[in-house]
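Chains, contacts and geometry: an overview
Chain by chain, the residues run as shown.
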Amino acid sequence: MEQNEKIQYRSPLRRGELDPNRWRNTQIGMWAWLWQRISALAIIIFLGIHLTLPYRPLIQFLLLLTVTFHVVLGLRVILMDFGIVHTKYQKALVGGLAALGIVMFIIVWMGIY
Amino acid sequence: MSEKTRKSKRVVKVFRYDPAVGGDGHFDRFDLDIEDESITTILDVLLRIQREHDSSLGFRYSCRISMCGSCGVVVNGNEALACQTVVANLKEGEITIRPLNHFPVIRDLVVDMDPFFKNFDKALSFFEPAEKLKEPAIISPDSKERRLIADYTECITCGCCVSSCTMANWHEDYLGPGALNRAFTLLLDSRDGLHDERLARVLSGCYNCRTELNCTEVCPKEISPTRSLKYIQMLAAKNAFKKVDVVDIEDKATEIATEVPVEAITPEVSRRRFLSRITLGLGGIIAVLIGGLMAATSLVPAMRKRAEKWVKVGKVDAFPVGIVKTVPISYRVKDGIYESTVTKPVFVYRESDSDGITVFNSRCTHLACVLHWDDNKKLFLCDCHGGQFYPDGRVKAGPPPRAMDRYPTKVENGNILVREA
Ligand code: SF4
Ligand code: SF4
Ligand code: FES
Ligand code: FES
């Protein structure tokens, strides 16, 4: 300890700090997490627009899309949270649930229009 | 891995930090000829740089066979053991080697793992038997406990997981994937004598995981700390109402791990218990409210018995022939004890002088939005999804599945009446 105090440490590096390869190599699990947060913000924005300008097909489309996206990624976390699906299948979960989401999206959209 | 020898030239950038100089550190570039990439590890690369290019390069290693956990570094943006990472498995081109994140850098690639092991301490990362046995305890390989723990005891405390976890950076009291994985293997162990204390300690530091799964991705021992963490969180949910004897914990904990400050535990435990109760309570109330509301809105209309009634629309003379007029009708309805007035528009269309009065329901047959009559286009329009209807109620365009609904109509004493169900 005494010895440590004489050495000048460099403060801990952060993820991606001084690292040109970090984002390029970011794995799907973290993207899934990030995109779920981003889609949450998008939902708030689109919901706001939807309420002020109701019945615009474009807004409805975008809102439904972001909600689907958010739900799919949320389901993925829930399935792992409760140990229903082993975390080693997390990548397959993203793909599988995304496919399910697209199908649901199409069904709902066809149902409306 | 390729069978053929892969000869290559690689540019290797290595992070350098000299404690005598200080500052932020920088990358040094080395050009290496590699004889056979498929049998060259990052550790070999570092050793060669140290021997052939710069003898001052600092890095740590010991076992060289993925056992000691001392050679963790960040290679091309992902945490890995230098001794286990084969160059042929990296993408073509430049290689960057950096010290682990979230730990103070002592020199070059060498970090201070103190914060990592402090968290292990906090999670009581050692085994303390519940009963002192002379013979080894027998736990069958296919018991639930053994299968759940699986190979998760293989952790070599390399710190790769914590380096990859951004939450470990942002939340100071987060114990991080490594320590929590260790706690998981012990919590599930039926021989564990410190179960409650351990649980109390890890629960206060296990909620910051955001399921990024970076730790699962990088662990060189193919452990999924995410899974361990989720399991601990489930234990927390199961124990939300279990009374933890705070005094007891305090005593035993001091006895066992004197170095870890005890004050850190007690308020946390009661705070956690308080918070989990509040959360559960609020969750329950919200669930009941929403459930009740849904039940009420879906069941009550179905249960109500409404007498059908004839409602007055207006005098026949008020409706010129060949013109669509929108008029409001209103009547009173009684739902159980609740009585209210319903007012809604209807469309009246009179075809000829003598008779042929049609009264349309103003609800769109698609999803029941209110239609309006456009006198220029001579169409009923729906704003919701663009449904359009002809004056006689037939669908012109859009998603509506059928023509507009008409009310049963009769004329009495020059008044138009419609039947409301
Ligand atoms: S869980 Fe894996 S990555 Fe984390 S310290 Fe242990 S061996 Fe290393
Ligand atoms: S899964 Fe949890 S513990 Fe693992 S890296 Fe992500 S946030 Fe950290
Ligand atoms: S040198 Fe021991 S794990 Fe790499
Ligand atoms: S409700 Fe009228 S078109 Fe959908």
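Keep in mind it's a predicted model, so treat the numbers as computed, not measured.

Regarding the site of ligand 2
Residues and elements named next belong to chain B. The immediate surroundings of ligand 2 are formed by 13 residues, with C165, Y174, C209, L213 and C215 found nearest. Most atoms of ligand 2, that is more than half of them, are within 2 Å of grid points of the second largest cavity. Counting residues per element, the ones that place at least two in the shell around ligand 2 are α8 (214-218) and α9 (225-238). Its residues assigned to classes, the shell around ligand 2 comprises eight nonpolar, three polar and two charged.

Looking at the confidence of the model for chain B
Averaged over chain B, the pLDDT score is 85; the fraction of residues at 70 or greater is 86%. Of the regions scoring below 50 in pLDDT, residues 245-265 of chain B engages in 21 contacts with residues more than four places distant in sequence or in other chains.

Comments concerning the site of ligand 1
Ligand 1 sits among F116(B), C155(B), I156(B), T157(B), C158(B), G159(B), C160(B), C161(B), C219(B) and P220(B). Partitioned by chemical class, the residues of the shell around ligand 1 number eight nonpolar, two polar and no charged.

Focus on the environment of R210(B)
In this fold, R210(B) is placed in the loop between α7 (195-203) and α8. Put simply, R210(B) and M167(B) are 43 residues apart on the chain and 7.4 Å apart in space, counted from C-alpha to C-alpha. Among residues more than four places away in sequence, those in contact with R210(B) are W33(A), R37(A), M167(B) and H171(B). Of note is the side chain of R210(B), whose polar atom sits 3.4 Å from the backbone oxygen of Y207(B).

Section: the packing of aromatic side chains
Residues and elements named next belong to chain B. For the structure on display, the rule yields 14 aromatic pairs over all chains. With 5.6 Å between their ring centres and 70° between their planes, F184 and Y231 make a pair best called edge-to-face. Of this pair, F184 sits in helix α6 (residues 176-187) while Y231 is found in helix α9, placing the two residues 47 residues apart along the sequence. The class of Y231 is buried, set by a relative accessible area of 15%. We note R191 situated over the ring of F127; from NZ or CZ to the ring centre the distance is 4.6 Å.

What about the state of the cysteines?
Residues and elements named next belong to chain B. Applying the stated criterion across every chain yields a total of one disulfide over all chains. Between the sulfur of C369 and that of C384 lies a disulfide, 1.9 Å long from S to S. On the sign convention where negative is left-handed, the bridge of C369 and C384, at about -90° about the S-S bond, is left-handed. Highlighted residues: C369 in the loop between β11 (357-361) and β12 (372-374) and C384 in the loop between β13 (379-381) and β14 (388-389), separated in sequence by 15 residues. Grouping residues by exposure puts C369 and C384 together as buried.

Structural notes on the sheet that holds strand β16 (residues 409-412) of chain B
Either a parallel or an antiparallel arrangement is found when strands of a sheet pair, and the pairing is made through backbone hydrogen bonds. All names here are of chain B. Ordered in space as β8-β17-β16, the three strands form an open sheet in which the pairing is antiparallel. The outermost strands of the open sheet, each flanked by one partner alone, are β8 (309-315) and β16. The sheet shows a mean angle of 35° between the axes of neighbouring strands, direction not considered. With four bridges joining them, β16 and strand β17 (residues 415-420) adopt antiparallel strand pairing.

Details of the layout of surface pockets
Remark: the empty space left among the atoms is shown by a probe the size of a water molecule rolled over them. All names here are of chain B. Approximately 540 Å³ is the volume attributed to the largest pocket. Along its surface, the largest pocket is lined by 19 residues, and N78, E79, A80, T85 and E217 are the ones closest to its centre. When residues of the lining of the largest pocket are traced back to their parent elements, those giving at least two are β4 (78-81) and α8. Counting residues per element, the lining of the largest pocket draws most heavily on β4, at four residues.

A word on empty space enclosed by the protein
Residue and element names in this part refer to chain B. Inspection of the entire model under this criterion finds three cavities of 30 Å³ or more. Around the largest cavity sit 14 residues that line it, and C155, C158, C161, C219 and I223 are the ones nearest its centre. Here the residues of the lining of the largest cavity are counted per class, giving nine nonpolar, four polar and one charged. Volume-wise, the second largest cavity comes out at about 80 Å³. Taken together, 13 residues line the second largest cavity, and the ones lying closest to its centre are C165, C209, E212, L213 and C215. Elements represented by at least two residues in the lining of the second largest cavity include exactly α8 and α9. Taken together, the residues that form the lining of the second largest cavity break down as eight nonpolar, three polar and two charged.

Quick notes on the rules
Residues numbered from 1 in each chain as written. Chains lettered and ligands numbered in written order. Predicted model: local features only at pLDDT ≥ 70, side-chain atom pairs only at ≥ 80, totals over all residues. Heavy atoms only, no water. Near = heavy atom within 4 Å. 1 Å grid on protein atoms, 1.4 Å probe; cavity = no way out; pocket = protein on both sides within 12 Å on 5 of 7 lines; lining within 4 Å. Sits in = over half its atoms within 2 Å of the grid points. Helix = DSSP H or I, 4+ residues; strand = E, 2+ residues; numbered from the N terminus. Nonpolar A, V, L, I, M, F, W, Y, C, P; charged D, E, K, R; others polar. pLDDT = per-residue confidence, 0-100. Contact = heavy atoms within 4.5 Å. Polar contact = N/O pair within 3.5 Å; in protein donor to acceptor, adjacent residues only side chain to side chain. Phe/Tyr/Trp six-rings, centres within 6.5 Å; stacked < 30°, edge-to-face > 60°. Buried < 20%, exposed > 50% of the residue type's maximum accessible area, 1.4 Å probe, protein only. Lys NZ or Arg CZ within 6 Å of the ring centre and 35° of its normal. Disulfide = S-S within 2.5 Å. Pairing = 2+ DSSP bridges. Axes fitted to C-alpha atoms, helices over the stretch in contact; angles between N-to-C directions. Points joined across faces, edges and corners; volume = space filled by probe spheres on them.

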